[in-house]
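Summary of structural features
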Amino acid sequence: MRCTTTLITLLTTLCATPVLAHSDGMAFDASAFLGDPQVVDCTLEDGTASTCFEFTVAALPEELEIGPFCPATLDDVGGLWQWDGENPGLYRLDRAFFEMLDAQGFTFYDDTGAVAVTDIRLDQPTADHACLSASLAPDVTMTIRLPMEPRMAQAPTPLGTVAKVGVGLDGVPIFADAPSVLERDHLPALDVCGGHIDPGGWYHWHATATDMATVLENEGVEADCAAVVQNAAAPFGFAFDGYPMFGSTEPDGGVPEGLDACGGHVGTTAHGETYHYHASQSFPNLPACLVGVVAQDNFATTAAQGIGAANPRGGPGGPDAGEMPPGFDAAAETLGVDPETLFEALNAAGGPEADLSEVAATLGVTEDALRTALPARR
Ligand SMILES: [Zn+2]
Ligand SMILES: [Zn+2]
């Protein structure tokens, strides 16, 4: 069954089946969609036949102001970074931060105080340590599928580095932790709302942007996510398993109680009594895992490189040229992780010679499971 409409409320009328699990909950900003959203037949990752809400979004919502990202010099102030070396925490990208990293052996600037900045969509960094930004590719689009009737998985799926988390109500994709400078040498700067542009040229968040004020205050970081209306009680988006994501408080301002390891619980929301996720008060304020089952093909982009692209390692933005090794997607599916996540974890741990115990720990699976799932090593 396939049907099309511009108004979500009409979906219930035009598509008598299926019943929408949260008919009001799929309350995306109408401006989030390029073209008409559709209800399509889909298969969930556990093999269940289901129906999905499918829509296409732009590289950046029209009205969203983004940045700043990398500062040009030590006298400028850029966006944010979650530092995981000594003195870990969320920092503003300013002189004090870059001088702290310099003292730890990561020097991002020259004698004149100019910061090494690379547009990762167009170039590879030449400096040992570069602040990465990426220019927008305005014509790139992403197509997203959310299960209309969310289904609990047998066990939660851990969200590793750059794992797909979900999508904001304004259509901006949401991803888990950005790659570590300790592993990659370079720093893909986030802006003051916790987002940045992928090497594919489209903007995404690594944080619950509607509740950044709570995080910034809690972490003592001087920054203001003025581009996004801040409201700790507001709905933020939907995880790719179809469950809604909210800020760090309940709608009445109360503290959420009984949150599980993923940061969610069942309770009353604007979408009725349902499982939902809450943002934490520290960065990254996103679910730690997904409790539900995501749809197959839940994220695709027209971008030539980056997350979700047909060849995510192609182009200058990828850490490695070339395609995913054969058997990789099947291995990722067996492990219940994204192929990109598996690739990133292997790459971070040393590529072909990766220490599999380290990779297994990153992915939250056993080393045995990882060895069994991986294609035979050459
Ligand atoms: Zn990112
Ligand atoms: Zn709640």
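Reading guide: rules and limits
Residues numbered from 1 in each chain as written. Chains lettered and ligands numbered in written order. Predicted model: local features only at pLDDT ≥ 70, side-chain atom pairs only at ≥ 80, totals over all residues. Helix = DSSP H or I, 4+ residues; strand = E, 2+ residues; numbered from the N terminus. Contact = placed C-beta atoms within 7 Å. Core = buried A, V, L, I, M, F, W, Y, C linked by C-beta atoms within 7 Å. Buried ≥ 20, exposed ≤ 12 C-beta atoms within 10 Å, placed from the backbone. Pairing = 2+ DSSP bridges. Arc of directions from axis to C-beta. pLDDT = per-residue confidence, 0-100.

1. A word on the overall build of the protein
- Along the backbone of the protein there are eight helices and 20 strands.
- The contacts of the protein with a sequence gap of at least 6 include a subset with a gap of at least 24, amounting to 62%.

2. Quick look at the nonpolar core
- In terms of nonpolar packing, the biggest core is built from 90 residues, with Cys131, Val165, Ala189 and Trp202 touching the most fellow members.
- At five residues, the largest contribution of residues to this core is made by strand β3 (residues 49–58).
- Sequence-distant contacts of Val165, that is, excluding residues within four places in its chain, are made with Leu159, Ile174, Phe175, Ala176, Ala239, Phe240, Leu286 and Pro287.
- Ranked by size, the runner-up nonpolar core spans 12 residues in total, among them Ala332, Leu335, Leu342 and Leu363.

3. Description of the pairing of strand β17 (residues 264–269)
- The pairing of β17 with strand β18 (residues 272–278) spans six bridges and is antiparallel. Residue Gly267 lies in a different strand from β18, and its bridge partner there is Thr274.
- Between β17 and β18, which pair antiparallel and follow one another directly, the connecting turn spans two residues.

4. Brief notes about the sheet that holds strand β7 (residues 131–133)
- Strand order in the open sheet formed by three strands is β6-β7-β12, with parallel pairing between adjacent strands. Of all strands in the sheet, those with a lone pairing partner are β6 (117–119) and β12 (187–188), marking the two edges.
- As paired strands, β6 and β7 are joined by three bridges and run parallel to one another. From the neighbouring strand, Asp119 faces β7, where its bridge partner is Ser133.

5. As for helix α2 (residues 95–103)
- Among all positions in α2, only Phe97, Phe98 and Leu101 are buried. Along the long axis of α2, the arc covered by the buried residues comes to 90 degrees, so they all point the same way. Away from the buried face of α2 by more than 90 degrees, exposed residues Ala96 and Ala103 are located.
- Where α2 is buried, its residues meet β5 (89–92).
- A positive backbone phi angle near 95 degrees is found at Gly105, which sits one or two residues after α2.

6. Topic: the environment of Leu335
- Considering the arrangement of structural elements, one finds Leu335 in helix α5 (residues 328–335).
- By C-beta crowding, Leu335 is classed as buried, having 24 other C-beta atoms within 10 Å.
- With 29 residues separating them in the primary sequence, Leu335 and Gly364 have C-alpha atoms 9.5 Å apart.
- Other than its neighbours up to four places away in sequence, Leu335 contacts Leu342, Leu363, Val365, Ala369, Leu370 and Ala373.

7. Thoughts on unusual backbone geometry
- Of note, the bond from Gly67 into Pro68 is cis; its omega dihedral lies within 30 degrees of zero at -5 degrees.
- Structurally, Pro68 is set in the loop between β3 and β4 (80–83).
- Here the residue pair Phe283 and Pro284 is connected by a cis peptide bond, since its omega of -5 degrees sits within 30 degrees of zero.
- In this structure, Pro284 sits in the loop between β18 and β19 (289–292).
- For Asn87, which is not glycine, the phi dihedral falls at a positive 50 degrees.
- You can see Asn87 is positioned in the loop between β4 and β5.
- We classify Asn87 as exposed; it has 11 C-beta atoms within 10 Å.
- Of note, the phi angle at Asp185 is positive, near 75 degrees, even though the residue is not glycine.
- Following the sequence through the fold, Asp185 ends up in the loop between α3 (181–184) and β12.
- Given 15 C-beta atoms within a 10 Å radius, Asp185 is considered partly exposed.

8. Quick notes on the environment of Ala279
- Along the chain, Ala279 falls in the loop between β18 and β19.
- When the 27 C-beta atoms within 10 Å are taken as the criterion, Ala279 is described as buried.
- In sequence terms Ala279 and Asp211 are 68 residues apart; their C-alpha atoms lie 7.4 Å from each other.

9. Digging into the environment of Thr107
- Counting through the fold element by element, Thr107 comes out in the loop between α2 and β6.
- For the pair Thr107 and Ala127, spaced 20 residues apart in sequence, the C-alpha separation works out to 9.3 Å.
- Excluding anything up to four places from it in sequence, Thr107 contacts Asp102 and His129.

10. Brief notes about the confidence of the model for the protein
- Residues of the protein with pLDDT of at least 70 account for 83%, and the chain-wide mean is 85.
- Under a pLDDT of 50 for its full length, residues 1–25 has, in the predicted model, 37 contacts with residues more than four places off or in other chains.
- Scored below 50 in pLDDT, residues 316–326 makes 25 contacts in the model with residues more than four places away or belonging to other chains.

11. What to know about helix α7 (residues 356–363)
- Inspection of α7 places Val359, Thr362 and Leu363 among the buried residues, and these make up the whole buried set. The buried residues of α7 occupy an angular sector of 90 degrees when projected down its axis, which confines them to one face.

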